[in-house]
Amino acid sequence: MSLPDSITENGKTHIIDALPKQQVAGISGLQIFELMKDGKLPAPPMMIHSNIRIKEFEHGRAVFTGVPEKQFLNPLGTVHGGWISTLIDTALSCAVHTCLEPGEFYTTTSLTVNMVRPLKPGSGEVTCEGRIVHRGSRLATSEGELKDANGKLIAHGSVSCMIFPNPAASSPNG
């Protein structure tokens, strides 16, 4: 399946691509989210395949939603833990992203997910909120919960993220 070059939602067209490292090298993580929301920076391609969307964000907090559909089922007919883990990793890691200073990037180094009940397709939109727990100079941690449309806990988890300089911030060739 090929990816579209763009997606239009809520009257805004968003380019689908990775962030241009040179362009974002001098702005904060929170500013990056503002620019993505406004369609001035590309949206990640992962959102197309995973059916995950950002709902809200602020410094140290990110909320994402997802709709568990048939393509995310495991052999037993419940939503695959990989999809649940992707949604949790996205929200919790993006909470860290909102705390980045200009010239910083990050990557998830560990993800812990605790699933407490099955998620079924057709159960409606689920919401995952990630909140920063610790933000050091090289490591940040975040935690959060995934809840169904009725506010019932589906899973909770935590991430650790390594923070490092954006290579494009110090290299003229990116």
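The structure this text deals with has already been given above.
Residues numbered from 1 in each chain as written. Predicted model: local features only at pLDDT ≥ 70, side-chain atom pairs only at ≥ 80, totals over all residues. Heavy atoms only, no water.

## Brief notes about the overall build of the chain
Along the backbone of the chain there are five helices and eight strands. Listing every helix and strand of the chain by position from the N terminus yields β-β-α-α-α-β-β-α-β-β-β-β-α. For 174 residues, the compact-globule estimate of 2.2 N^0.38 gives 16 Å, and the chain sits close to it at 16 Å. The dimensions of the chain, computed from C-alpha atoms along their principal axes, are 50 × 35 × 25 Å. With 174 residues in all, the chain has 40% of them scored as buried. Here the contacts in the chain between residues at least 6 apart in sequence split such that 65% fall between residues at least 24 apart. When the accessible surface of the chain is summed, it comes to about 9100 Å², and 52% of that surface belongs to carbon and sulfur atoms. Of the charged side chains in the chain, 15 are positive and 16 negative; the average position of the first set lies 4 Å away from that of the second. (Helix = DSSP H or I, 4+ residues; strand = E, 2+ residues; numbered from the N terminus. Rg over C-alpha atoms; globule rule 2.2 N^0.38 Å. Buried < 20%, exposed > 50% of the residue type's maximum accessible area, 1.4 Å probe, protein only. Contact = heavy atoms within 4.5 Å. Areas by Shrake-Rupley, 256 points an atom, 1.4 Å probe, with all protein chains shown as cover. Lys, Arg positive; Asp, Glu negative; His and termini not counted. Charge placed at Lys NZ, Arg CZ, Asp CG, Glu CD.)

## Describing unusual backbone geometry
Even without being a glycine, Asn51 presents a positive backbone phi close to 60°. Within the secondary structure layout, Asn51 lies in the loop between α3 (46–50) and β3 (52–58).

## Details of the environment of Leu153
Along the chain, Leu153 falls in strand β8 (residues 153–165). Since its relative accessible area comes to 28%, Leu153 is described here as partly exposed. Here Leu153 is in contact with Val116, Arg117, Glu145, Leu146 and Lys147, once residues within four sequence places are set aside.

## Thoughts on the pattern of salt bridges
Should the charged atoms of two oppositely charged side chains come close, the side chains can pair. As enumerated under the stated definition, the model contains six salt bridges in all. Measuring nitrogen to oxygen at the nearest pair gives 3.3 Å for the salt bridge that ties Arg61 to Glu58. Looking at Arg61, the relative accessible area reads 18%, which means it is buried. Between Glu145 and Arg131 there is a salt bridge; the shortest N-O distance is 2.8 Å. With Glu145 in strand β7 (residues 139–147) and Arg131 in strand β6 (residues 126–135), this residue pair connects regions lying 14 residues apart in the sequence. (Salt bridge = Lys/Arg side-chain N within 4 Å of Asp/Glu carboxyl O.)

## Considering the nonpolar core
Ranked by size, the top nonpolar core spans 33 residues in total, and within it Phe64, Trp83, Ile84, Leu87 and Leu146 carry the most contacts. Considering every element that reaches this core, the biggest residue donor is helix α4 (residues 81–97), with nine residues. Discounting chain neighbours no more than four positions away, the residues touching Leu146 are Ile84, Leu87, Ile88, Val126, Thr127, Cys128, Lys152, Leu153, Ile154 and Ala155. Formed by five residues, the second largest nonpolar core is a distinct cluster that contains Ile7, Ile16, Met47 and Ile48. (Core = buried A, V, L, I, M, F, W, Y, C linked by side-chain atoms within 4.5 Å.)

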